[in-house]
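Observations on the three-dimensional arrangement
Letter by letter, the chains look like this.
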Amino acid sequence: MEQKLGDDDREEEWSSSSSSRRKVIVVGGSIAGLSCAKALLQPQCQCDVLVLERASALTAAGAGLGLDIHACRALQEWGLGSALAAISMPLTVEENRAIDPQSKSARLLARDEEFNNRSAYWSDVHRILFEALPQGTVEFGQEVVGFEEIDEGRRIRAKVKPSSGDGNEIKEVVGDLFIAADGINSSTRQRLVPSDKRQYCGYCAWRGVFDYSEQAAEEIAAAVRKAYADLGKCLYFDLAPGSHAVLYELPGKRLNWLWYVCQEEPNLKGNSVTLKATDSMVQKMYEEASQTFIPELALLMQSTKFPFVNAIFDRDPLKQIVWGHVVLVGEAAHPTSPHGLRSTNMSIMDAAVLGSCIAECKNIDTALCSYQTSRLPVTTQQVLFSRHLGKLKQGLFSRSFPWMQADKETCLTLLQRNVHLFQF
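How each quantity is defined
- Residues numbered from 1 in each chain as written.
- Predicted model: local features only at pLDDT ≥ 70, side-chain atom pairs only at ≥ 80, totals over all residues.
- Heavy atoms only, no water.
- Buried < 20%, exposed > 50% of the residue type's maximum accessible area, 1.4 Å probe, protein only.
- Helix = DSSP H or I, 4+ residues; strand = E, 2+ residues; numbered from the N terminus.
- Contact = heavy atoms within 4.5 Å.
- Salt bridge = Lys/Arg side-chain N within 4 Å of Asp/Glu carboxyl O.
- Pairing = 2+ DSSP bridges.
- Core = buried A, V, L, I, M, F, W, Y, C linked by side-chain atoms within 4.5 Å.
- pLDDT = per-residue confidence, 0-100.

1. Re helix α3 (residues 122–131)
Turning to α3, its buried residues are Ser-123, Asp-124, Val-125, His-126, Ile-128 and Leu-129. Buried residues along α3 sit against α1 (31–40), β4 (64–68), α2 (69–87), β8 (117–121) and β17 (254–262).

2. With respect to the pattern of salt bridges
Applying the stated criterion across every chain, the model contains 24 salt bridges. Among the ionic contacts, a cluster of salt bridges with common partners joins Glu-95, Arg-111, Glu-113, Asp-230 and Lys-233.

3. With respect to the pairing of strand β10 (residues 142–150)
Two strands pair when backbone bridges link them, and β10 and strand β11 (residues 155–162) are joined in this way by 8 bridges, in the antiparallel orientation. When the bridges of β11 are listed, Glu-148 appears paired with Arg-157. Counted between consecutive antiparallel strands, the loop separating β10 from β11 contains 4 residues, among which Asp-151 sits at a positive phi close to 55 degrees.

4. A look at the nonpolar core
Of all hydrophobic cores here, the largest spans 69 residues; its most connected members are Leu-67, Trp-78, Phe-178, Ile-179 and Tyr-371. When neighbours within four sequence positions are excluded, Leu-67 is seen to be in contact with Cys-72, Leu-75, Leu-84, Asn-116, Asn-117, Arg-118, Val-125, Thr-344, Asn-345 and Ile-348. Counting 38 residues, the second-largest nonpolar core is a separate cluster that includes Tyr-236, Ala-245, Tyr-286 and Val-309.

5. Comments concerning the confidence of the model for the chain
Looking at the chain as a whole, the pLDDT averages 92, with 95% of positions reaching at least 70. The low-confidence segment residues 1–10, where pLDDT is below 50, has 23 contacts with residues more than four positions distant or belonging to other chains.

Laid out in structure tokens, this is it:
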């Protein structure tokens, strides 16, 4: 824990309607943090929640994501069913195909027609969560720079400063529970486990969202739809030697794609995981896409404005995610590669389970123990499954693996449903 704070610092406790209500500090206003706020503000939890977010305002960031049935159910139970339906669309099929770069032919490897996800845009999910919270729940422009246990570990005192200030305006906020939802580069996790480091997975993802709301773009979308007949309800994975691409539709006439490319770790600024692509990088990507995938997918990539590069990292699963009254959730607890579609789903489910545990247990220590016992085995399995699936599809086990000739049993291991069967 952090050293004790100076006498000159200001201590702040926000008002509560009852002294029996728990005060909860959430660090980070991304989907994980807002989900925790929504879960713990349910009447049965008897909590007051303050979310401290370093950014100065909401931003329309991110790209596409998939929400599984459990995350959707949690959002519905929080009263967001109608809002979710308005910003998402069902994905009822998953299909994995092998692509021959020479002939540009595709071979069906595995297909799941009982896939049950919904596609959405990251910023839309973030927005409906934010709009569902009482005004004042989130304080923007606030950076948590330290925390410590007080009252024999029963409460946590956080040290907070304006993220845009000169560092002298320090205040203290005290709560009964401190939730770290501050992402893959969590400073809270770093303080608790100093030796823990993020790990580069060996590849990056080109990402783009193609808007086909204009007539000229509709012609490109029509060509893509002809090559991917179930686009609109299907999550497609195209596997080429040492690489693979992902394609699915988003609401609002948008096609979301990713292309994973093995390469050395790029030079990133600070803790960033994204890289702005130069014109020469984009041109090279265009050329290699034409050499790797079917013409329609290559055309989609070449027609997308402002594609960007996302370096893929994860971390080894931790042995614990609770330290006293300090709790890790979301990417702070279990940073994962995207191949199992788990990041946002795990964040929402962390919040849902934490809310249920706190609602059911009068004793907060018992509640946090129950949360850790429930979530740790599940998230560990999902992180390691996603890591395994990424290596498999990127050819990191065997770059020359002949997917065009692979047997049925091997092909079925590509499906998302295997996450619950993965042995670790």
